[in-house]
Amino acid sequence: MIVDLHNHTKLCNHAEGEIFEYIEKAIECNIKYFGFSEHAPMNFDEKYRINFEQMKEYENAVLSAKKRYEEKIEILLGYEVDYLKGYLDERVLNADVDYLIGSVHFIEEWGFDNPEFIGSYKNHDIDEIWQKYFDAIEEMANSRLFDIVAHIDLIKIFKFMPKRDIADIAKNALLAIKEANMSIEINVAGFRKPIGEAYPSLSLLQEAKKLDIPITFASDAHKPEQVGLYSNEALNMAKFAGYEECVFYRKREIEFVKF
């Protein structure tokens with residue numbers, strides 16, 4: 001991957017390693033554009049993210065690293081922002097960053113991707129859960145607040161798959177993403193989860209390509225050694241779906257680069 005925009009730091013309380021260790025690994029992997037997108041603060045699920053008082057600390061640390069490594073790699077600054085109604089905060093949405101990644105980790109405040117709450121799946125109809133998830137993705141895209149959609153089919157994380165056709169479930173979300181001029185990431189964290197494949201699946205990526213939705217790449221690293229893992233799989237998947245270029249962002253402006 002020459003672009004890798006979704007990576008974390010130990011400030012989120014569930015990652016490890018120093019910023020320079022992530023960057024050194026990215027350089028080793030021949031990544032040209034490497035982004036940090038820490039879990040943005042919000043007044044919910046606080047233990048898995050930075051707090052508002054840490055925003056400047058995080059931003060300054062990344063910007064300092066950007067200057068330190070400017071001759072070797074371009075470091076980009078972002079946030080991964082949970083789209084959860086009632087908890088979005090202007091301090092995050094108006095932050096002076098290169099990009100904002102919008103993600104859905106909660107369905108009506110249920111953290112569906114957290115192993116702590118996996119037992120709740122048995123209380124729901126799986127097709128209904130999937131539809132609610134993609135409805136939230138659609139709503140997030142319609143908000144026009146974000147640049148990138150994180151792990152677009154995260155709902156598959158524990159391999160609870162719907163009976164309905166996924167392309168049909170995701171159709172309106174993909175149309176909204178296209179209309180909002182957003183990109184989606186090929187996020188390889190899924191290879192480290194029970195589902196054992198990237199987000200999105202190849203079939204869903206092919207649906208995105210039909211709409212000419214741009215892509216970017218994401219290690220979603222929470223440890224330095226995860227940077228660049230499964231990059232060949234991600235690139236091959238993108239090429240198989242028909243993509244020849246990916247995107248990154250500078251100061252919320254999209255840039256295209258061939259891979």
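Let me begin by describing the structure that accompanies this report. Note that this is a predicted model, so its numbers are computed, not measured. All residue numbers refer to positions counted from 1 along the written sequence of the respective chain. Totals for whole chains, interfaces and linings use all residues, but because this is a predicted model, local features are given only for residues with pLDDT of at least 70 and pairs of side-chain atoms are given and counted only at 80 or more. Here the side-chain values reflect all heavy atoms present in the structure, with hydrogen atoms and water set aside.

### Considerations on the nonpolar core
To be explicit about the condition: Nonpolar core, defined: a set of buried Ala, Val, Leu, Ile, Met, Phe, Trp, Tyr and Cys residues in which side-chain atoms within 4.5 Å join the residues together. Each residue is placed in one exposure class: buried if its accessible area under a 1.4 Å probe, protein chains only, is under 20% of its type's maximum, exposed if it is over 50%, and partly exposed if it falls in between. Where helices and strands are cited, they refer to DSSP runs of H or I of at least four residues and of E of at least two residues respectively, numbered from the N terminus. Here, residues are in contact when the closest pair of their heavy atoms is within 4.5 Å.
Membership of the largest hydrophobic core comes to 93 residues, with the highest contact counts inside it found for Phe34, Tyr79, Phe134 and Ile177. Top element by residues in this core is helix α4 (residues 126–142). It accounts for 9 residues. Contact partners of phenylalanine 134, with chain neighbours within four places excluded, come to Ile152, Asp153, Ile155, Ile169, Ala170, Ala173 and Leu204.

### Comments concerning the pairing of strand β4 (residues 99–103)
Selection criterion: A pair of strands counts as paired when DSSP detects no fewer than two bridges linking them.
For β4, the tally of buried residues reaches 5 of 5 residues, placing the bulk of the element in the interior. The sheet contact formed by β4 and strand β5 (residues 148–149) spans 2 bridges and is parallel. Across the sheet, glycine 102 pairs through a bridge with valine 149, a residue of β5.

### Considerations on the packing of aromatic side chains
Basically, it comes down to this: We call Phe, Tyr and Trp rings a pair once their centres come within 6.5 Å, taking the six-membered ring for Trp, and we label the pair stacked below 30 degrees between planes, edge-to-face above 60, and tilted otherwise. For a Lys NZ or an Arg CZ to count as sitting over a ring, it must be within 6 Å of the ring centre and within 35 degrees of the ring normal.
If you walk through the whole model with that rule in mind, you get 17 aromatic pairs. Note on phenylalanine 44 and tyrosine 87: the rings are 5.0 Å apart at their centroids and 40° apart in plane angle, and the pair reads as tilted. Of this pair, phenylalanine 44 sits in the loop between β2 (33–39) and α2 (55–68) while tyrosine 87 sits in the loop between β3 (74–82) and α3 (90–93), and the two are 43 residues apart along the sequence. Under the relative-accessibility criterion, phenylalanine 44 is labelled buried at 18%. Owing to a relative accessible area of 23%, tyrosine 87 belongs among the partly exposed residues under this scheme. Linked through ring pairs, Trp110, Phe112, Tyr121, Trp130, Tyr133, Phe134, Phe158 and Phe160 together constitute an aromatic cluster. A cation over a ring is seen here: lysine 209 above tyrosine 243, with NZ or CZ 5.4 Å from the ring centre.

### Observations regarding unusual backbone geometry
Residues tyrosine 199 and proline 200 are joined by a peptide bond in cis, for which omega reads 0°. Mapped onto the fold, proline 200 is located in the loop between β6 (183–187) and α6 (202–210). For asparagine 13, which is not glycine, the phi dihedral falls at a positive 80°. Its place among the elements puts asparagine 13 in the loop between β1 (3–4) and α1 (19–28). For asparagine 13, a relative accessible area of 52% puts it in the exposed group. The phi torsion at glutamate 109 lies on the positive side, around 70°, for a residue other than glycine.

### Observations regarding α1
Applicable threshold: Taken from the helix axis, the directions to the C-beta atoms give the arc we talk about.
When we look at burial in α1, the residues that qualify are Ile19, Tyr22, Ile23 and Ala26. The arc enclosing the buried residues of α1, seen along the axis, measures out at 95°, which places them on a common side. On its buried side, α1 packs onto β2, α2 and β3. Residue asparagine 30 follows α1 closely and has a positive phi angle near 65°.

### Examining the environment of glutamate 185
Note the following rule: Pairing of N or O atoms within 3.5 Å defines a polar contact, subject to two protein rules: one partner must be a possible hydrogen donor and the other a possible acceptor, and residues neighboring in sequence count only if both atoms are side-chain atoms.
Within the secondary structure, glutamate 185 sits in strand β6. Each C-alpha atom, one on glutamate 185 and one on glutamate 109, is 24 Å from the other, the two residues being 76 residues apart in sequence. Ignoring any residue separated from it by four or fewer positions in sequence, one finds glutamate 185 in contact with His6, Ile101, Ile148, Val149, Ala150, His151, Tyr199, Pro200, Thr216 and Ala218. Looking at glutamate 185, its side chain comes within polar contact range of the side chain of asparagine 187, at 2.7 Å.

### Topic: the pattern of salt bridges
The condition is simple: A pairing counts as a salt bridge when a side-chain nitrogen of Lys or Arg comes within 4 Å of a carboxyl oxygen of Asp or Glu.
In this structure the tally under the stated criterion is 21 salt bridges. In this structure, lysine 156 engages glutamate 197 in a salt bridge whose closest nitrogen and oxygen atoms are separated by 2.6 Å. Of this pair, lysine 156 sits in the loop between β5 and α5 (166–179) while glutamate 197 sits in the loop between β6 and α6, and the two are 41 residues apart along the sequence. A relative accessible area of 1% means that lysine 156 is categorised as buried.

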